[in-house]
Amino acid sequence: MTTINKTKCIGCGACVSVCSDGFEMGEDGKAKVKNAKAPCVKEAIESCPVDAIK
Ligand code: SF4
């Protein structure tokens, strides 16, 4: 299951840019998972500068 480590996430938005089907920005300014089954999730994991997506 895909999860975001909110402690690590710096809210840069890269995952949302790369994969808007899979991620969105939450009200706390950090990313959240919208659809863990989106095909682009893998690219988003690679795009995260702080390795916050698991
Ligand atoms: S790419 Fe990583 S640090 Fe940036 S918003 Fe997404 S989860 Fe957070």
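This text goes with the structure placed above it.
Remember, predicted model here, so these are calculated numbers, not experimental data.

Parameters at a glance
- Residues numbered from 1 in each chain as written.
- Predicted model: local features only at pLDDT ≥ 70, side-chain atom pairs only at ≥ 80, totals over all residues.
- Heavy atoms only, no water.
- Helix = DSSP H or I, 4+ residues; strand = E, 2+ residues; numbered from the N terminus.
- Rg over C-alpha atoms; globule rule 2.2 N^0.38 Å.
- Contact = heavy atoms within 4.5 Å.
- Areas by Shrake-Rupley, 256 points an atom, 1.4 Å probe, with all protein chains shown as cover.
- Lys, Arg positive; Asp, Glu negative; His and termini not counted.
- Charge placed at Lys NZ, Arg CZ, Asp CG, Glu CD.
- Disulfide = S-S within 2.5 Å.
- Buried < 20%, exposed > 50% of the residue type's maximum accessible area, 1.4 Å probe, protein only.
- Salt bridge = Lys/Arg side-chain N within 4 Å of Asp/Glu carboxyl O.

## Concerning the overall build of the protein
- In terms of regular secondary structure, the protein is built from two helices and two strands.
- Walking the protein from its N terminus toward its C terminus, one meets helices and strands in the order α-β-β-α.
- At 9 Å, the protein has a C-alpha radius of gyration in line with the 10 Å of a compact globule built from 54 residues.
- A sequence separation of at least 24 residues applies to 46% of the contacts in the protein between residues at least 6 apart.
- Roughly 3,400 Å² of accessible area belongs to the protein as shown, and the carbon and sulfur atoms make up 52% of that amount.
- Measuring between centres, the 8 positive side-chain charges of the protein sit 5 Å from its 7 negative side-chain charges.

## What about the state of the cysteines?
- For the coordinates displayed, the defined rule picks out one disulfide.
- Paired by a disulfide, Cys19 and Cys40 hold their sulfur atoms 2.0 Å apart. Given an S-S torsion of about 65°, the disulfide between Cys19 and Cys40 has right-handed geometry. Of the two residues, Cys19 is situated in the loop between helix H1 (14-18) and strand E1 (23-25) and Cys40 in the loop between strand E2 (31-33) and helix H2 (41-47); the sequence distance between them amounts to 21 residues.
- Here Cys19 falls in the buried class, since its relative accessible area comes to 0%.

## Notes on the pattern of salt bridges
- Considering all chains together, one arrives at two salt bridges under this definition.
- The salt bridge partner of Lys42 is Glu46, with a shortest N-O separation of 3.9 Å. Linking Lys42 with Glu46, this pair stays in helix H2, spanning four residues, or about one helical turn. The same class applies to Lys42 and to Glu46, which are both exposed.

## A word on unusual backbone geometry
- With a phi close to 55°, Asp51 is a non-glycine residue in the positive phi region.
- Note that Asp51 resides in the segment after H2.
- Look at Asp51 and you get partly exposed, because its relative accessible area is 46%.

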